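Chain by chain, the residues:
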Amino acid sequence: MTETQVFEVRGLRFSYEGTPRPALDGVELQVAAGSLYAIIGPNGSGKSTLLKLLLGALHPEAGEVCYTGRRVADWGRRALAQRIGAVPQGEEMAFPITVREMVAMGRYPHLGVLGRPGREDQEAIEEALGRCDVTELAERPISRLSGGERQRALIARALAQRPETLVLDEPTVSLDIRHEMTIFDLLAELTHRDGVTVVLVTHNLNLAARYADRLLLLEGGHSAAEGRPADILSREIIERVYQWSVVVAPHPGPGRDAGAPQITPLTGED
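Just so it is clear, the model here is predicted, and its values are computed rather than measured.

Each value, and the rule that gives it
- Residues numbered from 1 in each chain as written.
- Predicted model: local features only at pLDDT ≥ 70, side-chain atom pairs only at ≥ 80, totals over all residues.
- Heavy atoms only, no water.
- Buried < 20%, exposed > 50% of the residue type's maximum accessible area, 1.4 Å probe, protein only.
- Helix = DSSP H or I, 4+ residues; strand = E, 2+ residues; numbered from the N terminus.
- Pairing = 2+ DSSP bridges.
- Phe/Tyr/Trp six-rings, centres within 6.5 Å; stacked < 30°, edge-to-face > 60°.
- Lys NZ or Arg CZ within 6 Å of the ring centre and 35° of its normal.

Chemist: I keep staring at the pairing of strand 7 (residues 165-169) and nothing clicks. Help me out?
Modeler: In the case of a regular strand, side chains alternate between the two sheet surfaces. Burial runs high along strand 7: five of the five residues are buried. Burial of strand 7 is two-sided: the residues Thr165, Val167 and Asp169 facing one way and the residues Leu166 and Leu168 facing the other way are all buried. Direction of pairing for strand 6 (residues 84-87) relative to strand 7: parallel, over a ladder of four bridges. Paired with valine 87 across the bridge in strand 7 is leucine 168.

Have a look at this one:
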């Protein structure tokens, strides 16, 4: 039985004006429905640019991006927003609102013109606050949150949409260990229990290896490797792309992630 592909990217190329080389060139990927797909790579390799192209915020100069079999460029913005929840990196609020008010913004794509939130909307908001551990912060102004608290609130806003797909750019940046693990556990639960498709960018190679079904490793705008974590997170590939010596060893477990490759950078003296 053929897997349903949520995102399909073919021959993708994109350049920013005034730059000497494309930010992305020849990138291809397929994201299966109900999977967790992680995009990794060094700084400047094109990860965030790729997410913007997946969401239709940027338009490719060559190749195409399709969502559920239809070119992203052909989707209406409202229709796409009803199906995809996005968590950008470093978003700032231009006006004072509380956490609850920001999370409620996730329901806007489902409301009509001048629509008022109903029971389903309120249930979605409360569920999102709880799943991201920000219920106790609900009445606090966004301006009074720490970086990690703000990040969890942004994820809650995306979850309030009850989307079919989540696209996240560095979702655990600024989070402590407990909340970092909680978010990755939540994303895994969304895929395995709820059938949500998750695409994320992360610099945490070890968590990507433990949670992702497949990885795309970008290098200088090109695909350096794509596949299951165990197949692409080898010492040879990581050292070539990141230009640093590492040790790769299997995760000791227990748990379903036992055996996932775990990467330890060596010091310059090793």
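Following the structure, the description resumes.
Chemist: Looking at this structure, how should I read the sheet that holds strand 1 (residues 5-14)?
Modeler: Adjacent strands of a sheet pair through backbone hydrogen bonds, lying either parallel or antiparallel. The strand order 2-1-4-5 describes an open sheet built from four strands, whose pairing is antiparallel. Edge positions in the open sheet fall to strand 2 (24-32) and strand 5 (70-71), since each of these has one partner strand only. Relative to strand 5, strand 4 (residues 62-67) runs antiparallel, the two being bridged by two bridges. Within the sheet, the bridge partner assigned to tyrosine 67 lies in strand 5 and is arginine 70.

Chemist: Looking at this structure, I do not really get the packing of aromatic side chains. What am I missing?
Modeler: Throughout the structure, instances matching the rule amount to four aromatic pairs. For the pair phenylalanine 14 and tyrosine 16, a centre-to-centre distance of 4.8 Å together with 85° between the ring planes defines the contact as edge-to-face. Overall, the relative accessible area of 32% leaves tyrosine 16 in the partly exposed class. Ring geometry for tyrosine 67 against tryptophan 75: centres 5.6 Å apart, planes inclined by 65°, an arrangement best described as edge-to-face. Accessibility assignment for this pair places tyrosine 67 and tryptophan 75 in one class, buried. One aromatic cluster is present, formed by Phe7, Tyr67 and Trp75 through successive ring pairs. Residue placement shows arginine 70 over the ring face of tryptophan 75; its charged tip is 4.7 Å from the ring centre.

Function cannot be read off these values alone, since they describe shape.
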